Structure formats: C-alpha cells, structure tokens
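Report on the structure
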Amino acid sequence: DNEHYYKIVRDGSLTGESPAECVSPILNGEKGFNSLKTLCSALDSVNAKVNKSCGLHVHIGAAAMSDEHYCRLVRNYQKLEGVIDSFMAPSRRGNNSRWCHTLQGIDFSACTTKKQVLAAMNYDRYYKVNACAYERHKTIEFRQHQGTTDFSKIEHWVRFLAKLVEYSYKHEITTCTCIEDVPFLSDDDKQFFIRRRAALS
C-alpha cells in the first residue's frame, strides 16, 4: 500500500540462503515500468537469485472496478488458465504449487459480486487469482507467475494482465486454447509468449 519505496521483507514460504521478498510500492504507467527496470538491474547487480519457492505476485488496483467487471475478469482468467499454464514454469502450472492453486473446478457462473467470488474460493488467498486481496488492499492479485529478476518477463506478464483487465471490462471469453487465439494480445505479445512456451515445453 505504500507509494514511495521498495522494501525487503521476510517470507516464511521461501527457501534458500538468506531468503527474502522484495515488495514494490504502487507503480503506475511507464514511470512504474522504468522504476521496476531499475530494481531488476539492482537485484542482478548483487547476484540475487530465485528458486522454485519464489513467485511473482502482481496486484492491480480494483477500487473502482464494478462487481460485474471483477466477476467477468475472474471467469476470463479461469478460461485462459490452460493457455497461461503453457508459458509458465512447470512448478506454477495446474495445481503444482500450494501457493497458487488452480481455478479449475470452481463454479463462478452464478457470481455477481466480489464477495460471492471470494466465497466460491472458500476465502482462501492461495489461488492463481487471489480474491482476498480486495478486502485488504482493494486490489485483485495474480499469483501464478514464477519468481524472476528478468525485467522483460515481468513487463510482459504485467502488460498481459493489464490488457486482460481492460478486455474484461466489456468482453467475456468463451473458449481459448492457445496463445495464438488470445483476443487482447498484439502479434508482438503473442510472439513473446510463444517463445516462452517453447522454452518451457
């Protein structure tokens, strides 16, 4: 919730030598991406590493998001989960991580409010989309991406999520089984994720 500085904090879920979590301030627009790029350079300069216990958690502001938009966004992510799995590390696919469970099998079809989405998830934050974040931060949190200090990977994932949020304002996905068919991505976006899919296959 802070708007001014990055902080390094302890996280009991992390393993390794001197494990710690880096928490960003609220970032906005291109200025935010430039700040994040500087952070990644700083982490690389001190030889910071990630392992399978690390995740990249992205919060997007939802204070002004209507219930209808929010519910549609969660359903769209659920429908895209298989596609997203294809360009994630194996440790973050399906139900492979205890910290970001799959949305498959949860019935969001009757949900019309944020509270109903939260109830459908049994008030558990350890899903690929964390509905608990709204109660505490007025955000929607995406927990699926593996940990990384690679700015390009972070930037493309954050922009993917931002475009998904924007698309979900008016549109609901019916079916989508591959990156090539994701309706809100540019050709350049698709090529990046196709390369990630190939690297991780």
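It should be noted that the structure appears before, not after, this text.
Residues numbered from 1 in each chain as written. Predicted model: local features only at pLDDT ≥ 70, side-chain atom pairs only at ≥ 80, totals over all residues. Heavy atoms only, no water.

With respect to helix α2 (residues 67-86)
For clarity, the cut-off: Strands here are runs of E lasting at least two residues and helices are runs of H or I lasting at least four, both read from the DSSP assignment and numbered beginning at the N terminus. What a helix is expected to span follows from its residue count: subtract one and scale by 1.5 Å. The seven residues ending at a residue and the seven starting there each receive a fitted axis; the angle between those axes is the bend at that residue. The cut-offs for exposure are 20% and 50% of the maximum accessible area for each residue type, with area from a 1.4 Å probe on protein chains only; residues under the lower value are buried, those over the upper are exposed, and the others partly exposed.
End to end, α2 covers 29 Å across 20 residues, agreeing with the expected 28 Å (1.5 Å per residue, within 8%). Along α2, the helix axis deviates most sharply at L80, where the bend reaches about 55°. Burial within α2 is extensive, with 15 of its 20 residues counted as buried.

Regarding the packing of aromatic side chains
Let me state the cut-off plainly: Only centres within 6.5 Å qualify two rings of Phe, Tyr or Trp (six-membered ring in Trp) as a pair; their planes then separate them into stacked at under 30 degrees, edge-to-face at over 60, and tilted for everything else. Put simply, a charge is over a ring when the Lys NZ or the Arg CZ is close to the ring centre, within 6 Å, and near the line of the ring normal, within 35 degrees.
Applying the stated criterion across every chain yields a total of 11 aromatic pairs. Aromatic pair F87 and F193: ring centres 4.4 Å apart, planes at 35°, arrangement tilted. Remark: F193 occurs in helix α6 (residues 187-200) and F87 occurs in the loop between α2 and α3 (114-120); sequence separation between them is 106 residues. As far as the burial class goes, F87 and F193 line up, both buried. Taking 5.1 Å as the distance between ring centres and 70° as the angle between the ring planes, the aromatic pair formed by W99 and Y126 counts as edge-to-face. Taken as a pair, W99 in the loop between α2 and α3 and Y126 in the loop between α3 and β4 (129-130) lie far apart in primary sequence, 27 residues in all. A cation sits over an aromatic face here: K138 above Y134, 5.0 Å from the ring centre. Between the NZ or CZ atom of R159 and the centre of the ring of F33, over which it lies, the distance is 4.0 Å.

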